[in-house]
Amino acid sequence: MEFLSGLTQKETLELSELLAPERIGTEVKVNGFVHSIRDMGEVCFVVLRKREGLIQCVFEENVSELSAKKLRESQTVELIGVLREDARAPKGF
């Protein structure tokens, strides 16, 4: 018998959860507001604004269903990707 609790499990992660070392190299799902977009041609850097701060995401054309041209600042988006370590990033990820 299954009991209903009325609670749904959260699928997206907050920034503090992303900073855990065991998350490096794993697929993660985040959501937030598009803070800024830097379009470099085939690669686009999308900075998401979340309650805890900012996170930079790398968007590659022809990998997603969505085109970077349709992405606008202040839109709410949900992204799925692999968390990578990078020394140039403010928190190292």
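Procedures and definitions
- Residues numbered from 1 in each chain as written.
- Predicted model: local features only at pLDDT ≥ 70, side-chain atom pairs only at ≥ 80, totals over all residues.
- Heavy atoms only, no water.
- Helix = DSSP H or I, 4+ residues; strand = E, 2+ residues; numbered from the N terminus.
- Buried < 20%, exposed > 50% of the residue type's maximum accessible area, 1.4 Å probe, protein only.
- Pairing = 2+ DSSP bridges.
- Axes fitted to C-alpha atoms, helices over the stretch in contact; angles between N-to-C directions.
- Salt bridge = Lys/Arg side-chain N within 4 Å of Asp/Glu carboxyl O.
- Core = buried A, V, L, I, M, F, W, Y, C linked by side-chain atoms within 4.5 Å.
- Contact = heavy atoms within 4.5 Å.

The next point concerns unusual backbone geometry. Its identity as a non-glycine residue notwithstanding, Ser74 has a phi of 75°, on the positive side. Tracing the chain through its elements places Ser74 in the loop between strand 3 (53-60) and strand 4 (76-82). Judged by relative accessible area, Ser74 falls into the exposed class, the value being 52%.

Turning our eyes to something else, we now look at the pairing of strand 3. Where strand 2 (residues 43-50) lies against strand 3, eight bridges are found, and the strand directions are antiparallel. Its bridge partner lying in strand 3, Val43 is registered against Glu60. As consecutive antiparallel partners, strand 2 and strand 3 are separated by two residues.

The next subject is the sheet that holds strand 1 (residues 27-39). Hydrogen bonds between backbone groups are what pair the strands of a sheet, and the pairing can be parallel or antiparallel. With respect to topology, four strands assemble into an open sheet ordered 3-2-1-4, the strand pairing being antiparallel. Of all strands in the sheet, those with a lone pairing partner are strand 3 and strand 4, marking the two edges. Averaged over all adjacent pairs, the angle separating strand axes in this sheet is 55°, with direction ignored.

Below, the discussion takes up the pattern of salt bridges. Applying the stated rule across the entire model yields six salt bridges. The network of salt bridges with shared partners includes Glu11, Lys29 and Glu78.

Generally speaking, soluble globular proteins have nonpolar side chains that are buried together. Within the largest apolar cluster, 16 residues are counted, with the highest numbers of intra-cluster contacts made by Leu18, Val34, Val46 and Leu48. If you list the elements that add at least two residues to this core, you get helix 1 (15-18), strand 1, strand 2 and strand 3. Beyond its immediate chain neighbours, meaning those up to four positions away, Leu48 contacts Val30, Asn31, Gly32, Phe33, Val34, His35, Gly53, Leu54, Ile55, Cys57, Val77 and Leu79.

Relative to strand 4, strand 1 runs antiparallel, the two sharing seven bridges. Each residue of the ladder has a partner; that of Val28, found in strand 4, is Gly81. The pairing of strand 1 with strand 2 spans six bridges and is antiparallel. Following the sheet pairing, Phe33 is matched in strand 2 by Arg49. Two successive antiparallel strands, strand 1 and strand 2, enclose a turn made up of three residues, where Gly41 displays a positive phi of approximately 105°.

By themselves these figures say nothing about function.
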